[in-house]
Amino acid sequence: MSDFSKPRVNGKMLPSFKGRTVCLLGNAKDVDSNGTAFTLSTGDGQDVKVIMQEPLGEYVSGLTEVHGNVDAQNNINCQSYIAFPKEISDTFDLGLYNDAVELTSRFSEFYKVGVTDQ
């Protein structure tokens, strides 16, 4: 059975997911000058470095969802990302989202995460 799940995590959960693909949501900031990395501030107050496979073709800021693998330093090696429009970024409650992520993790037996191939 192959597992294609991408669990939603926060910054504090990353050490438990080293080597796995995850989904991380936060506010993008501090894009480096060559566009190969940026920082994602998560709802639990962590700053996570996101490393791009190729330089960004656009400026990324505000609410951003990143899908990628967690490396040994708890960075995310980005496979894909979604930069949400300013209207969504301005009204999204990242703290409440973080509470939901923690609940789904704590009570994982009640929440189906991702898709599995059986």
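All values reported here derive from a predicted model rather than from experimental measurement.

Cut-offs and rules
Residues numbered from 1 in each chain as written. Predicted model: local features only at pLDDT ≥ 70, side-chain atom pairs only at ≥ 80, totals over all residues. Heavy atoms only, no water. Buried < 20%, exposed > 50% of the residue type's maximum accessible area, 1.4 Å probe, protein only. Helix = DSSP H or I, 4+ residues; strand = E, 2+ residues; numbered from the N terminus. Pairing = 2+ DSSP bridges. Core = buried A, V, L, I, M, F, W, Y, C linked by side-chain atoms within 4.5 Å. Contact = heavy atoms within 4.5 Å. Expected span 1.5 Å × (residues − 1). Arc of directions from axis to C-beta. Polar contact = N/O pair within 3.5 Å; in protein donor to acceptor, adjacent residues only side chain to side chain.

Asker: I'd like to hear about the pairing of strand S6 (residues 62-70), residue by residue, with values.
Answerer: Judged by how many residues are buried, S6 sits mostly within the fold: seven of nine residues are covered. Bridge count between strand S3 (residues 21-29) and S6: eight bridges; the pairing is antiparallel. Residue pairing for S6: Gly 26 is matched across the bridge by Thr 64. Linking S6 to strand S7 (residues 76-83), which pair antiparallel, is a turn of five residues; within it Asn 74 sits at a positive phi near 65°.

Asker: Residues and numbers for unusual backbone geometry, please.
Answerer: The backbone of Asp 30 sits at a positive phi, close to 50°, despite the residue not being glycine. Inspection of the secondary structure puts Asp 30 in the loop between S3 and strand S4 (37-42). The backbone of Asn 74 sits at a positive phi, close to 65°, despite the residue not being glycine. Assignment of secondary structure puts Asn 74 in the loop between S6 and S7. Classification of Asn 74 as partly exposed rests on a relative accessible area of 22%.

Asker: Tell me about the nonpolar core, and name the residues and values.
Answerer: Here is a general trend for soluble globular proteins: nonpolar side chains tend to be buried in one another's company. Core analysis: the largest hydrophobic core is formed by 23 residues, its most contacted members being Phe 38, Val 50 and Ile 76. Of all the secondary structure elements, the ones that give two or more residues to this core are S3, S4, strand S5 (47-51), S6, S7 and helix H2 (94-106). Take this core: its biggest share by element is four residues, from S3. Those residues in contact with Phe 38 that sit more than four places away from it in its chain are Ala 28, Lys 29, Asp 30, Val 31, Val 48, Lys 49, Val 50, Met 52, Leu 56, Thr 64 and Val 66.

Asker: Run through H2, naming residues and quoting values.
Answerer: When the terminal C-alpha atoms of H2 are compared, their 18 Å separation across 13 residues agrees well with the 18 Å that a helix rising 1.5 Å per residue should span. Of all the positions in H2, only Leu 94, Tyr 97, Asn 98 and Val 101 are classed as buried. Down the axis of H2, the buried set is contained in an arc of 100°. They therefore lie on one face. For H2, the exposed residues lying more than 90 degrees away from the buried face are Leu 96 and Arg 106. Of the surrounding secondary structure, the elements contacted by the buried residues of H2 are strand S2 (8-9), S3, S4 and S6. The N-capping residue of H2, defined by a side-chain oxygen 3.2 Å from the backbone nitrogen of Gly 95, is Asp 93.

Any functional reading would require information that these geometric values do not contain.
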